[in-house]
Amino acid sequence: MTTGESLQGVSPEQAGVILQRGGEELLLYKVHNWLTIRIETLEEQSSLLEHLKQEWRPLAVKSVARGQLIALKVHRQQLENALQMARQLDSIRFASHVYELAASPKTHIYLLDQLTVQFTTEFPLRTIDELARELGLIREKGLDGTERTYIFRVTKAAAENPIKLANRLMRNAQVLVAEPNVVVSTAPLYRPKDSLYSEQWHLQHQGGRGLASKSHIDAEKAWDITRGSRSVVIAVTDDAFDLNHPDLQGMGKLVAPSDLKHRDGLPMPSQAHENHGTAVAGLAVAEETGSGVVGVAPGCSFMPIQTTGYLDDESIEQLFEGAVSRGASVISCSWSPAAVYFPLSLRQRNAINRAATKGRNGKGCVVLFSAGNANRPLNGKVRELGWPKNALRGVTQWLGGFAMHPDVITVSASTSLNQKAVYSNWGKHVSVAAPSNNGPPSMALPDVGQVETGPLVNGSFAGLGMTTADRTGRTGYSRTSYTSSFGGTSSACPVVAGVVGLMLSANPDLDAGEVKQILQDTADKIEDKTPDPQLGLAYGSYDNRGHSLWFGYGKVNAYKAVKAAQDRHLAHRRLSKVIERTSAVTLTIPADRTAMQKAGITINQRGTLQDIQIYVEIRHGFLGDLSIAVMSPPGKSVLLQGRTLGRQTQLRKTYTFENTPALSLLMNAGIHGRWQLKILDHSETHQGQLLQWSLKLGI
């Protein structure tokens, strides 16, 4: 035990697995096949690294922290021997395990040979240097703007690594802060590790061949808010689904599968052409597995519904009523009638309306339809010519009843170049566009089959295809379990369905109409002034209402939509009553790391929490020593203030949903009972007082 050391703080048994960071103690796990080394000089680096490669035959080598460290991946059984050998080499200045944060699995923590230590003002500099020498540290420099704070280098004389040294120092009564310098790879946005994710340009991209700036949906920033909740069920209605596909599986992933065609609960492909549904589902909900692809809403649940293949009234009623009764939140439909003119019957209109207004416990299921791939208006006339077999000729009225339903979100297609997909249908009923591929317009017609619409469009179609799940094995669009050539408005629709899944995960209180409005209000106004190569029309600009016939209100932006949904979650609280209580009893906060001080307020009224404001007033010699939490009557604890106040001595602050988002964890819980403010002093240097705290609760 070093000079001044006590047994308080992190216990010696845990000293190697607790990281001191920002006033918190973070649990670590050792990564059992990676180590890092810091070579003494750059001149020695190349030859030594070559020697180690021959000696250890590492599985991987990479540079970390601007080349300050070299990380090597070795076989698990090699790790400790390799570390021992590295520490004995004079040319290696520092060698360490690599760690993983328990709170953030797969986040690697790399140690540098530095410690930042803040001491009490009365601790003499001479004694500080003596303590440093005892631990194998060298004081290199002071930290500007912070009194009695120094950067130390860990030398080869140190018997412990920086994590253990920090925890040893924190047991010293004269030490306020001791933090090792750690390296974490930059990751400003959440990015899946699935092997084909880099090909899924529609989610996020950094540019490249065939990619226009911001032609993606900005998924990574949306995933920083939520990657989807299993409580949000996305129903995909299509031809069939390969439920054996690994990207369509996961704990709690599959909900109430149904096959309306064969009248059973197994909507699996039974014919060679039944490939469409698997690809569509992959775009919306593919699970994050570390391989393959990832959907827009990987955390949401998946309800596969195999359609009958017919659009009679009963089939449509079965489809929508079944989805509602089994708990669907979102209903995605990447199909359209094989007809030029198809108005909906009363029963069909009613089935969709009931789903969109009565589903989801009265909030309404969000129903989405693809616009179609014929490059035709959803409602309008076109003089047709040049169709194969003269399938259509002369002035023809087009009408797509499903896509025109007022309760539906209709989705057109944009390309990786932020242009209209040549095939995409259009009109005033289009809500938003979403990324897809490009290609010639086509449609299915009775007695003719799938044909390109006329006049035929020759030449190339600029834009990348969509990468998504495909049927496993050699059956499907490709010979693998994935395809990179999927497209059509069939692709655009599930992309938006996934965005809706994220929105409802962030704010389950949104009704279907609010979801549609938010999607439209937050869409990106992409423009395409080039006439389309088939009909010569140019509808890629926006009218005075902000609507484009080609793109609706714009290309969907996942981040903006999810953020707006989250913001509205708090803005739409309805308060029937506000209850205020104050505790003005002064409470002493002793300088005692083991004593948790608790101050209570009793609420006798009943109700569910819709709003909360917590006012805290504390006087303390060093507020950076304190952490403050509130505990609700049901026993839920929320951290209000970590050890981030530094040398401040006076705290007067009101904590709200806006400045303390974690308080939203208390939403909709009961308020009746004893509320407690919990204060812990993590040092033994300064005393203080809780002068007042108050609760303002909205119910």
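First, a word on scope: everything that follows refers to the structure included in this document. Throughout, residues of each chain are indexed from 1 in the direction in which the sequence is written. Per-residue local features are limited, in this predicted model, to residues with pLDDT of at least 70; the limit for side-chain atom pairs, both in listing and counting, is 80 or more; totals at the level of whole chains, interfaces and linings are taken over all residues. Water and hydrogen atoms were dropped before computing side-chain values, which therefore reflect all heavy atoms in the structure.

## Observations regarding the overall build of the protein chain
In step 1: On a plain count of helices and strands, the protein chain comes out with twelve helices and 32 strands.
In step 2: With the C-alpha coordinates of the protein chain rotated into their principal frame, the extents come out at 95 × 75 × 50 Å.
In step 3: Here a residue-residue contact requires only that any non-hydrogen atoms of the pair lie within 4.5 Å. Once local pairs closer than 6 in sequence are excluded, the contacts in the protein chain between residues at least 24 apart make up 72%.
In step 4: The protein chains shown are the only cover counted for residues, whose accessible areas, like all others here, come from Shrake-Rupley with a 1.4 Å probe. Surface summary for the protein chain: the accessible area is close to 30,100 Å², and the carbon and sulfur share equals 48%.
In step 5: Here the positive residues are Lys and Arg and the negative ones are Asp and Glu; neither His nor the chain ends is included. Each charge is placed at NZ for Lys, CZ for Arg, CG for Asp and CD for Glu. Looking at charge distribution, the protein chain has the averaged site of its 73 positive side-chain charges lying 3 Å from that of its 64 negative ones. Helix and strand labels come from DSSP, where a helix needs a run of H or I of at least four residues and a strand needs a run of E of at least two; each type is numbered from the N terminus.

## Points about the packing of helix α10 (residues 489–506) against helix α11 (residues 512–521)
To describe two helices that pack against each other, one gives the angle between their axes and the distance between the axes.
In step 1: Orientation is described by lines fitted to C-alpha atoms, with helices fitted over the stretch in contact, and by angles between N-to-C directions that extend from 0 to 180 degrees. It is the contact of α10 with α11, at a shortest axis distance of 11 Å, that shows an interaxial angle of 115 degrees. Taken as axis vectors, α10 and α11 run roughly perpendicular relative to one another. Note that α10 runs across α11; the crossing there is right-handed. Together, V496, V499, V500, M503 and L504 of α10 and V515, I518 and L519 of α11 make up the contact between the two elements. Our angle categories are set so that under 35 degrees counts as roughly parallel, over 145 as roughly antiparallel, 65 to 115 as roughly perpendicular, and the remainder as oblique. The sense of a crossing depends on the near helix, which, turned anticlockwise from the far helix by less than a right angle, makes the crossing left-handed and, turned clockwise, makes it right-handed.

## Section: the sheet that holds strand β29 (residues 637–641)
Strands belonging to one sheet form pairs held by backbone hydrogen bonds; the direction of such a pair is parallel or antiparallel.
In step 1: One open sheet holds the four strands; their spatial order is β26-β31-β28-β29, and the pairing between them is antiparallel. Bordering the open sheet on either side are β26 (596–603) and β29, each of which pairs with just one other strand. Here the strands of the sheet are splayed against their neighbours by 25 degrees on average, with no regard to which way each runs.
In step 2: Only strands joined by at least two bridges in the DSSP assignment are considered to pair. Pairing analysis gives six bridges linking strand β28 (residues 626–631) to strand β31 (residues 673–681), with the strands arranged antiparallel.

## A word on the pattern of salt bridges
In step 1: Here, a salt bridge means any Lys or Arg side-chain nitrogen found within 4 Å of an Asp or Glu carboxyl oxygen. Taken as a whole, this structure holds 19 salt bridges when the rule is applied.
In step 2: Note that K555 is salt-bridged to D524, the shortest N-O span being 3.5 Å. Of this pair, K555 sits in the loop between α11 and α12 (558–571) while D524 is found in the loop between α11 and α12, placing the two residues 31 residues apart along the sequence.
In step 3: Overall, K555 belongs to the buried group, its relative accessible area being 0%. Only protein chains enter the calculation, and the probe is 1.4 Å; a residue is then buried if its accessible area is under 20% of its type maximum, exposed if over 50%, and partly exposed in between.

## Topic: the environment of L125
In step 1: Here L125 shows up in helix α3 (residues 125–135).
In step 2: Given a relative accessible area of 31%, L125 falls into the partly exposed group.
In step 3: In this structure, the C-alpha to C-alpha distance between L125 and Q648, residues 523 residues apart in sequence, is 23 Å.
In step 4: Excluding its chain neighbours within four sequence positions, the residues that come into contact with L125 are R139, R148 and Y150.

## Comments concerning the side chain of T36
In step 1: Inspection of the secondary structure puts T36 in strand β2 (residues 24–39).
In step 2: Leaving out residues up to four positions away in the same chain, T36 has contacts with L69, I70, A71, F94, A95, S96, H97, V98, Y110 and L111.

## Thoughts on the packing of aromatic side chains
In step 1: For this analysis, a ring pair means two rings from Phe, Tyr or Trp (six-membered ring only for Trp) whose centres lie within 6.5 Å, classed as stacked if their planes differ by under 30 degrees, edge-to-face if by over 60, and tilted for the remaining angles. Scanning all chains against the criterion turns up 16 aromatic pairs.
In step 2: Ring plane angle 45 degrees and centroid distance 6.0 Å describe the contact between Y197 and W223, whose orientation is recorded as tilted. Highlighted residues: Y197 in the loop between β9 (175–183) and α5 (219–225) and W223 in helix α5, separated in sequence by 26 residues.
In step 3: For W223, a relative accessible area of 2% corresponds to the buried category.
In step 4: The structure contains a cluster of three or more aromatic residues connected by ring pairs, namely F320, W335, F342, F369 and F402.
In step 5: Here, over-ring charges are defined by two tests on the NZ atom of lysine or the CZ atom of arginine: distance to the ring centre within 6 Å, and angle to the ring normal within 35 degrees. K62 extends its terminal NZ or CZ atom over the ring of W34, reaching a point 4.9 Å from the ring centre.
In step 6: Positioned above the aromatic ring of Y559, the side-chain terminus of K221 is 4.3 Å from the ring centre.

## Some words on helix α4 (residues 162–170)
In step 1: Burial runs high along α4: eight of the nine residues are buried.
In step 2: Along α4, the positions that sit buried rather than exposed are P162, I163, L165, A166, N167, R168, L169 and M170.

## Concerning the nonpolar core
In step 1: By nonpolar core is meant a set of buried Ala, Val, Leu, Ile, Met, Phe, Trp, Tyr and Cys residues that side-chain atoms within 4.5 Å join together. By size, the foremost hydrophobic cluster in this structure holds 60 residues, and its most contacted members are L368 and L519.
In step 2: Of the residues forming this core, the biggest block, eleven residues, is contributed by α10.
In step 3: The residues touching L368, leaving out its near neighbours within four places in the chain, are V330, I331, S332, C333, V408, I409, V411, C493, V496, A497 and V500.
In step 4: The next biggest cluster of nonpolar side chains, apart from the first, holds 32 residues, and it includes I589, V630, L645 and W693.

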